[in-house]
Structure formats: structure tokens, C-alpha cells
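# Summary of the model geometry
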Amino acid sequence: MGYNFDNITPIIAEDNQHMRHLIKGILQAFGCKTVKEASNGKEALQIINSSPVDILICDWNMAPINGIELVKEIRNDEISPNPFLPIIMLTGHSQHKRVIEARDAGVDEFVAKPISAKILYEHLKSVIENPRPYVRSPSYFGPDRRRKQIPFDGEDRRKTKPEFEQIPTKKHNLSKKEILSLLQNQDGENL
Amino acid sequence: MTKIQIFQPSSSLAKKVTLVDDETTKNAIKQAENFMETQEINYPTWLDDDLKNLKNTFKKINPNSNNQPKNLLNDIFKISLEIKGQGGSYGYPLISYVADNICTLLDSIPKISSKDIEIIRIHIDLLSIIAKNRIKDIPNNQKTKQILNGLDKIIKNRIKSLNLST
């Protein structure tokens, strides 16, 4: 089963106009009637502060206000209109440390470019079907980052030597499973 | 004692969507993929522009120096990241594959040496060849596998030699 997104209003924060156009077209194909656009974090904040949006899809590298700063503003600013806004970070970054940084800023989902329609759909579906509890601690506000045991019927890449056949998923890149694990990968003391 | 609150906010998204059957979902994804394909036609021009930009920035680097200006390295990283993100999204996965190596190297090594600059040069040359020949997919043959595996090993060994991890 899937979802009809007719009534969802996403906002795309992406500095590359071609990529923005591509993501917008994908979302419209999914049924979104209204898709808002911003070319940087500052513009995105202005739109979010002035009109209702249901989900943010944001790039990392933008100026002024990059994706990480944008997520932190939405989650932590006292005048944020929706600190619980679902956020999908859609970025060229795919390294471990970047996923951790995005997670600690408060993203719900992390998607590494290049993008595919199917993967973006899956992440939208995940935000709807698996909303995480929120955590407020002295140092963090956002989706719960604690590890969850998620059944996985695929190959455990930690136990096998990666082979060339995994192209285009490379050995120094993270799989979807690994990214998901990192997004929810902390024990209680670091909520 | 540290005060930690955990709560489940009501999901506004779930309230706004309606369930549809698998066939409708497949059609929506197919429609999105069709849209993406229509955008591929313009990509080679954008790629050429990005590569020109990348080469011009790289030219400003002194290949023999072990002390490269940070702003130049940042620019090379950002352009490579754009190329990586766009390539596969517009039907050119090999472009993304090679550009990703540049990103991994620059994102992993705190101090770039002349050795790293040479590795980046090789990757930029390869990107140019791929772009010039409009090679979209990753050719499924032994020679390509060896080349790409070789490049991966260069990156991996370089990072490993500095006791760094990706």
C-alpha cells in the first residue's frame, strides 16, 4: 500500500535550481498539488514562518543558512512555528560523520544523492508510518536517536568483504540500512 | 539529575494522506521516473558547465604544494558534490561514482598533500572522458571494473595510510 499525497504541502530547500526542479517534479508526480521552493535556508525559514508546510526536504550546502543550521533553527528556535516539522535531508554527503551531524541537528530521514523516485517515496512513506518520538534534553531537541532493533533480511555488509558488484553503492558509502541505524544510534545517556 | 522528556507528537502528515493501492503507488513512482527521464536531455550541458568550473578551480592549485588554500579545496569539494548529486539523478551513475571519490578524499583528509592533488587530477580527467563520451551507465565489463576498483583502492589506501576512517 502507498499514499495519496494530494493534501501534503512540502517545501524544498535546495540551492541548485535544476535539482530543485527535479525534486519538485517528483513530488508533483506523487500527487503533491502545492510544492513550495527555497534556494537557501534563509528563504526556507521565511516561507515556513509565514505559511503552513507539512514537510521539509532540504539540501546541506546552501547559503545563507545551510541545511544543518536550518534544521537547528526549526527544531530549537523559540519562535519556530513547527519544531516537529518532519525533515528529510537530501544531500550529496554520504559519509558516516555527515549522517551523525545531520542526526544530531534533528533530521528525521537522511537520503544521499543521487536520488531516485522510489527512494524518495520510501522515505516519505517512512516519515508517515514510523514517526519517531521526540526527545527534549539540555543539549538536544528532535527525533529520538536511540538505537532500535529493526529486522533486516538483507546481507550484513559488516561481515562480508564488499565486492565490485555493489556498484553504485560503494564500500566507503553507507547503505540505507546503515544510515537508518546511525539516525537511531545512541543509548539513553545521549538522548 | 538531567531532565529528559520523551513524547510522541501527533503526526499531521498521517492525518493528511489517504491510503492507495499498490498499483496506484507504482504508477505514481513510474510517473516520477518518467519525469526524471525527460530532464536527462539537459544534463550534459550542465555537466559540461560544472566540469569547466571544476577544471578552472583545479588549475589554481599548485600541484607541488602540501599547503593548499582551504577555499580552493572547499570549492573543489562543493563542485564535486554537486556533480555527484546530479549525475545519477539525471541518469549518469558513472559520473556520480567517480565524483564521489573526490568528495570522499577531500572530506576525509584534513591536510591535502601533493599526492592527494594528483589523485584528484586523475579523477577530474576521468570525469572529462566520461562526459566527453556521454557514458551514462557503468559499463559492465572487466576493464571498467578493474579501473573503478583501482580508483577505490587508491582512495581507501590513502585514507587508511593516515589512520583515518570515512
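Read on for an overview of the structure. (Residues numbered from 1 in each chain as written. Chains lettered and ligands numbered in written order. Predicted model: local features only at pLDDT ≥ 70, side-chain atom pairs only at ≥ 80, totals over all residues. Heavy atoms only, no water.)

The next point concerns the environment of R132 of chain A. All names here are of chain A. Within the secondary structure layout, R132 lies in the loop between α5 (117-129) and β7 (134-137). With 46 residues separating them along the chain, R132 and P86 place their C-alpha atoms 10.0 Å apart. In this structure the side chain of R132 is engaged in a polar contact, spanning 2.9 Å, whose partner is the backbone oxygen of D144. (Helix = DSSP H or I, 4+ residues; strand = E, 2+ residues; numbered from the N terminus. Polar contact = N/O pair within 3.5 Å; in protein donor to acceptor, adjacent residues only side chain to side chain.)

Okay, the sheet that holds strand β3 (residues 36-38) of chain A next. Residues and elements named next belong to chain A. In space, the five strands of this open sheet follow the order β3-β2-β4-β5-β6, with parallel pairing throughout. In this open sheet, the two strands that pair with only one neighbour each are β3 and β6 (109-112). Taken over all neighbouring pairs, the strand axes of this sheet differ in orientation by 20° on average, direction set aside. Here four bridges tie strand β2 (residues 10-13) to strand β4 (residues 55-58), and the two strands are oriented parallel to one another. Along β4, the bridge assignment pairs A13 with C58. Contacts between helix α2 (residues 41-50) and the sheet are confined to β2 and β3, with β3 contributing the most and set at about 145° to the helix. (Pairing = 2+ DSSP bridges. Axes fitted to C-alpha atoms, helices over the stretch in contact; angles between N-to-C directions. Contact = heavy atoms within 4.5 Å.)

What follows deals with the packing of aromatic side chains. Residue and element names in this part refer to chain B. On inspection of all chains with the given rule, the structure shows 11 aromatic pairs over all chains. Residues Y43 and Y92 carry aromatic rings whose centres are separated by 5.2 Å and whose planes lie at 50° to one another, so their mutual orientation is tilted. Residue Y43 is found in helix α3 (residues 43-59), and its partner Y92 is found in the loop between α4 (70-89) and α5 (93-108); the two are separated by 49 residues along the sequence. By the burial criterion, Y43 is buried, and Y92 matches it. (Phe/Tyr/Trp six-rings, centres within 6.5 Å; stacked < 30°, edge-to-face > 60°. Buried < 20%, exposed > 50% of the residue type's maximum accessible area, 1.4 Å probe, protein only.)

Facing the 58 residues of chain A at the interface are 53 residues of chain B. Carbon and sulfur atoms make up 63% of the area that chain A and chain B hide from each other, which totals about 5100 Å². Taken together, the connections running from chain A to chain B amount to three salt bridges. Of the charged contacts, one joins D107 of chain B and R98 of chain A as a salt bridge, the two residues approaching to 2.7 Å between their closest N and O atoms. Of all the secondary structure elements, the ones that give two or more residues to the side of chain A that touches chain B are β1 (2-4), α1 (17-29), α4 (96-105), α5 and β7 of chain A. Per-element accounting of the side of chain A that touches chain B gives the leading share, seven residues, to α1 of chain A. Residue classes in the side of chain A that touches chain B are distributed as 28 nonpolar, 18 polar and 12 charged. Here β1 of chain A pairs with strand β2 (residues 18-20) of chain B via three bridges, running antiparallel. Bridge pairing in β2 of chain B places Y3 of chain A opposite L19 of chain B. (Buried area = accessible area lost by both parts, 1.4 Å probe. Salt bridge = Lys/Arg side-chain N within 4 Å of Asp/Glu carboxyl O. Nonpolar A, V, L, I, M, F, W, Y, C, P; charged D, E, K, R; others polar.)

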